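# Residue-level structure breakdown
Listed below are the residues making up each chain.
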Amino acid sequence: MRSTVSRPRLTAAHKISAAGLTAAGLTALALAAIPGQATAAQSIDVKPVAWTTHDAGTADQDQQEHLDQRTTTAATQAKTEAATKATDTAKAEKAAKAKTEADKDRASRSEARKPIQAPAPAPATPAPAPKAYSDNLDGWINQALDIMHTKGIPGTYDGLKRNIMRESTGNPQAINNWDSNATAGIPSKGLLQIIDPTFKAFHVDGTSWNIYDPVANIVASCNYAAHTYGSMDNVNSAY
């Protein structure tokens, strides 16, 4: 039956120390066996080898602890540096965002301070070119009719032409020097043979004051006929 008594286990250091002690003892005995060497053997001072409990395993453990401590220190330092870098990055991003907002705010205020410019006036619509009329009886009648319509004086092309042909045969310089008006010193003149007092009394603004002007003569005569007969279209003889 194996004994259950626990015996201390010898380490490498213990074994080396025991070996050294054994060697020293053997050396002393050998010297004593040689004649004449007894005294010398007796004089040898054999110092006991000290037993130590600090073995190789403890040294390895200390080295591992030192390595773990350095690793922990490096990890802590790296973590601190990473935190510092993250803080610096966050500060830089915050500063950049604040600068962007400030630039936008300044740009907005600058835009708001710009004077509002009135829109450019629309180009003026060019006045229509004046209507062209031929310088003959047809043109004179048409021009006179346009003026009469703006003044509210009645009359038609056929009514005007019919009376003009009877009174002057279309000659704007015609003059009657033989009737009673001529005897009275106020002969009838122009296309519709109107006398000077009547021409002046029924003259229409915008036309010539020359009684021989064909358009002015027609318009004044038709204005008189409108007041007297309702319209030149109603006149069929001397009027």
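### What to know about the overall build of the chain
Of regular secondary structure, the chain possesses 8 helices and 0 strands. What you see in the chain, going N to C, is helices and strands ordered as α-α-α-α-α-α-α-α. Per-residue burial over the chain gives 23% buried out of 239 residues. If you take every contact in the chain between residues at least 6 apart in sequence, the share linking residues at least 24 apart comes to 48%. When the accessible area of the chain is evaluated, it comes to approximately 17300 Å², of which 58% is carbon and sulfur surface.

### Concerning the side chain of Thr207
Residue placement: Thr207 occurs in the loop between α7 (196-201) and α8 (214-229). The exposure class assigned to Thr207 is buried, which follows from its relative accessible area of 13%. A polar contact of 2.6 Å, which involves the side chain of Thr207, links it to the backbone oxygen of Val204. Beyond its immediate stretch of four places on either side in the chain, Thr207 contacts Ile147 and Ala216.

### Considerations on α8
A rise of 1.5 Å per residue sets the reference length of α8, with its 16 residues, at 22 Å; its end C-alpha atoms lie 21 Å apart and thus fit the reference within 8%. Judged by how many residues are buried, α8 sits mostly within the fold: 12 of 16 residues are covered. Of all the positions in α8, only Pro214, Val215, Ala216, Asn217, Ile218, Val219, Ala220, Ser221, Cys222, Asn223, Tyr224 and Ala225 are classed as buried. For α8, the secondary structure elements touched by its buried residues are α4 (137-151), α5 (157-168) and α7. Between a side-chain oxygen at the N-terminus of α8 and the backbone nitrogen of Val215 the separation is 3.3 Å; the capping residue is Asp213. Backbone geometry just after α8 places Gly230 at a positive phi near 95°.

### Things to note about the nonpolar core
One finds Leu160, Ile218 and Cys222 to be the most contacted residues of the largest nonpolar core, which totals 19 residues. Mapped by element, the contributors of at least two residues to this core are α4, α5 and α8. Of all the elements, α4 adds the most residues to this core, at 6 residues. Other than its neighbours up to four places away in sequence, Leu160 contacts Ile141, Leu145, Met148, Gly155, Ile218, Cys222, Met232 and Asp233. If you look at the next biggest cluster of nonpolar residues, it comprises 5 residues, including Ile194, Phe199, Ile211 and Ala220.

### Describing the confidence of the model for the chain
Detail in the predicted coordinates should be disregarded across regions flagged by low pLDDT. On average, residues of the chain score 79 in pLDDT, and 73% of them reach the 70 mark or higher. When the criterion is pLDDT under 50, residues 10-24 qualifies, and its contacts beyond four places in sequence or with other chains add up to 13 contacts.

### Comments concerning the layout of surface pockets
Within this model, the largest pocket holds a volume of roughly 280 Å³. Taken together, 13 residues line the largest pocket, and the ones lying closest to its centre are Glu167, Asn181, Ser188, Gln193 and Tyr239. Looking at the lining of the largest pocket residue by residue, the class counts come to 6 nonpolar, 5 polar and 2 charged.

### Side note on the side chain of Lys189
With respect to the helices and strands, Lys189 occurs in the loop between α6 (180-183) and α7. Not counting the four nearest positions on each side in its chain, Lys189 is found in contact with Ala174, Ile175, Ile194, Asp196, Ile211, Tyr212 and Asn217.

### Some points on the environment of Tyr229
Locating Tyr229 in the fold gives a position in helix α8. Measuring from C-alpha to C-alpha, the distance between Tyr229 and Tyr239 comes to 9.2 Å, with 10 residues separating the pair along the chain. In contact with Tyr229, other than residues within four places in its own chain, are Tyr224, Asn234, Val235 and Tyr239.

### Thoughts on the pattern of salt bridges
For the structure on display, the rule yields 3 salt bridges. Across the pair Asp146 and Lys131 runs a salt bridge, and its minimum N-O distance is 3.4 Å. Of this pair, Asp146 sits in helix α4 while Lys131 sits in the loop between α3 (56-113) and α4, and the two are 15 residues apart along the sequence. Classification of Lys131 as exposed rests on a relative accessible area of 55%.

### Concerning unusual backbone geometry
Backbone geometry at Thr169 places phi at a positive 55°, although glycine is not the residue there. With respect to the helices and strands, the residue Thr169 is situated in the loop between α5 and α6.

Cut-offs and rules
- Residues numbered from 1 in each chain as written.
- Predicted model: local features only at pLDDT ≥ 70, side-chain atom pairs only at ≥ 80, totals over all residues.
- Heavy atoms only, no water.
- Helix = DSSP H or I, 4+ residues; strand = E, 2+ residues; numbered from the N terminus.
- Buried < 20%, exposed > 50% of the residue type's maximum accessible area, 1.4 Å probe, protein only.
- Contact = heavy atoms within 4.5 Å.
- Areas by Shrake-Rupley, 256 points an atom, 1.4 Å probe, with all protein chains shown as cover.
- Polar contact = N/O pair within 3.5 Å; in protein donor to acceptor, adjacent residues only side chain to side chain.
- Expected span 1.5 Å × (residues − 1).
- Core = buried A, V, L, I, M, F, W, Y, C linked by side-chain atoms within 4.5 Å.
- pLDDT = per-residue confidence, 0-100.
- 1 Å grid on protein atoms, 1.4 Å probe; cavity = no way out; pocket = protein on both sides within 12 Å on 5 of 7 lines; lining within 4 Å.
- Points joined across faces, edges and corners; volume = space filled by probe spheres on them.
- Nonpolar A, V, L, I, M, F, W, Y, C, P; charged D, E, K, R; others polar.
- Salt bridge = Lys/Arg side-chain N within 4 Å of Asp/Glu carboxyl O.

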